[in-house]
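The chain contents come next:
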Amino acid sequence: MKNIAVIGSGTMGNGIAHTFAQFGYQVNLIDISNDALSKALSTISKNLDRQVSKGTLSETEKSDTLSRITVYNDLKEGVSDVSLVVEAATENLELKLKIFKDIDSFAKSEAILASNTSSISITKIASVTGRGDRVIGMHFMNPVPVMKLVEVIRGYATSNETTEAVMELSRKLAKVPVEVNDYPGFVANRILMPMINEAIYTLYEGVAGVEEIDTVMKLGMAHPMGPLQLADFIGLDVCLAILHVLHDGFGNPKYAPCPLLVNMVTAGNKGVKSGEGFYNYANGVKEAKVASKFSK
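Residues numbered from 1 in each chain as written. Predicted model: local features only at pLDDT ≥ 70, side-chain atom pairs only at ≥ 80, totals over all residues. Heavy atoms only, no water.

## With respect to the packing of aromatic side chains
Then comes step 1: On inspection of all chains with the given rule, the structure shows 6 aromatic pairs.
Then comes step 2: The interplanar angle of 70° and the centroid separation of 6.4 Å between the aromatic rings of Phe20 and Phe140 together place this pair among those described as edge-to-face. Highlighted residues: Phe20 in helix α1 (residues 11–22) and Phe140 in strand β6 (residues 135–140), separated in sequence by 120 residues. An identical accessibility class is assigned to Phe20 and Phe140; each is buried.
Then comes step 3: Joined through ring pairs, the aromatic side chains of Phe20, Tyr25 and Phe140 make up one cluster.
Then comes step 4: Taking NZ or CZ as reference, Lys2 lies 4.6 Å from the ring centre of Tyr25, over its face.
Then comes step 5: Its end group placed over the ring of Tyr279, Lys286 keeps NZ or CZ at 4.3 Å from the ring centre. (Phe/Tyr/Trp six-rings, centres within 6.5 Å; stacked < 30°, edge-to-face > 60°. Helix = DSSP H or I, 4+ residues; strand = E, 2+ residues; numbered from the N terminus. Buried < 20%, exposed > 50% of the residue type's maximum accessible area, 1.4 Å probe, protein only. Lys NZ or Arg CZ within 6 Å of the ring centre and 35° of its normal.)

## Looking at the environment of Met1
Then comes step 1: Within the secondary structure, Met1 is located in the segment before β1 (3–7).
Then comes step 2: Met1 sits in the partly exposed class, given a relative accessible area of 36%.
Then comes step 3: Separated by 96 residues in the primary sequence, Met1 and Leu97 have C-alpha atoms spaced 24 Å apart.
Then comes step 4: Discounting chain neighbours no more than four positions away, the residues touching Met1 are Tyr25, Ser83, Leu84, Ile112, Ala165 and Leu169. (Contact = heavy atoms within 4.5 Å.)

## Section: helix α8 (residues 188–204)
Then comes step 1: Counted at 1.5 Å a residue, the expected span for α8 with its 17 residues is 24 Å, and the 24 Å between its end C-alpha atoms agrees.
Then comes step 2: Where α8 is buried, its residues touch β6, α9 (210–221), α10 (227–234), α11 (236–250) and α12 (259–266).
Then comes step 3: In the stretch just after α8, Gly206 is the one whose phi turns positive, near 75°. (Expected span 1.5 Å × (residues − 1).)

## Comments concerning the UniProt feature "binding site: NAD(+)" (unreviewed entry) in the protein
Then comes step 1: With numbering matched to this structure, UniProt assigns "binding site: NAD(+)" (unreviewed entry) to Gly8, Ser9, Gly10, Thr11, Met12, Gly13, Asp31, Glu91, Lys96, Ser118, Asn142 and Lys273.
Then comes step 2: Among the structural elements, Gly10 can be located in the loop between β1 and α1.
Then comes step 3: Overall, the relative accessible area of 52% leaves Thr11 in the exposed class. (UniProt positions renumbered as here; feature names shortened; annotations may be inferred.)

## Details of the UniProt feature "domain: 3-hydroxyacyl-CoA dehydrogenase C-terminal" (unreviewed entry) in the protein
Then comes step 1: When the UniProt feature table is mapped to this numbering, "domain: 3-hydroxyacyl-CoA dehydrogenase C-terminal" (unreviewed entry) covers residues 185–281.
Then comes step 2: End C-alpha to end C-alpha, residues 185–281 measures 28 Å, and it is 62% helix and 2% strand.

## A look at the sheet that holds strand β2 (residues 26–30)
Then comes step 1: Pairing is mixed in the open sheet, where 8 strands are placed in the order β3-β2-β1-β4-β5-β6-β7-β8. If you trace the sheet from one side to the other, it starts and ends with β3 (69–72) and β8 (176–181), each paired once. In this sheet, adjacent strand axes meet at a mean angle of 25° when their direction is disregarded.
Then comes step 2: Here 4 bridges tie β1 to strand β4 (residues 84–87), and the two strands are oriented parallel to one another. If you follow Ile7 over to β4, its bridge partner there is Glu87.
Then comes step 3: Of the strands in this sheet, β1, β2, β3, β4 and β6 touch α1, which is tilted by about 165° from β2. (Pairing = 2+ DSSP bridges. Axes fitted to C-alpha atoms, helices over the stretch in contact; angles between N-to-C directions.)

## What about the side chain of His18?
Then comes step 1: Locating His18 in the fold gives a position in helix α1.
Then comes step 2: Residue His18 is classed as buried on the basis of its relative accessible area, which comes to 1%.
Then comes step 3: A polar contact of 2.8 Å, which involves the side chain of His18, links it to the side chain of Gln51.
Then comes step 4: Filtering out sequence-adjacent residues up to four positions away, His18 remains in contact with Ile44, Asn47, Leu48, Gln51, Thr65 and Pro145. (Polar contact = N/O pair within 3.5 Å; in protein donor to acceptor, adjacent residues only side chain to side chain.)

Below is the structure:
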């Protein structure tokens, strides 16, 4: 597999495209928005510059990486001649089902179709295609060029051949693939999101403030980032969507999202990407908000 298509040029999509291109793959980066594609190429270039400044990449390698990325607005044109399609669109079931139904029609019959979903059922996604054996989850971690883990999720019909091909491909990207089965939240978010949700409840119930909760988890549990800051980094809307998947999928009230999280997302406070979450990010400076703002 040397020709790859990535659908969606946001944070995850541009990171996935960056990584594949850096390791010698020809990448078709697809998005309906020209502005989003331009922003993605600019982000990739800046991230490559960071690697050059650290001495982990040469200027020539940076140029070669960028030369391997071609942008497309047209889905059919972008996926028609690739061996692997990685979908990295918004974490929305209906959108993903539409995308997979379309790419099943447009991509080569032997192409593998992968989703970067962090929680949505691969089996459900595969059900709208005619190639369930070649549909798989390929869940990269953010930031993609830096993080080593790839969660490889087998749908109910995913074949051994498809799974092994994606596991081997992940290794060729200098990643560590971990095979998991298709249940709500997989492994990463089934464990992570209840912890984040409990941290939000701890804040909501007035047990401690934002910085205090994050400090306990950083210094006491050796987490590199506190759960509330991590939620801001992931996106509070994404956290809420994943908790809904867990709650709906298992029918267990322990996965019910904290009312504070629901209110914050409803108010448009989605974390870093909106400039405000549990912290304020005005002018690129992170400042914790007053605890009383969050207590019930």
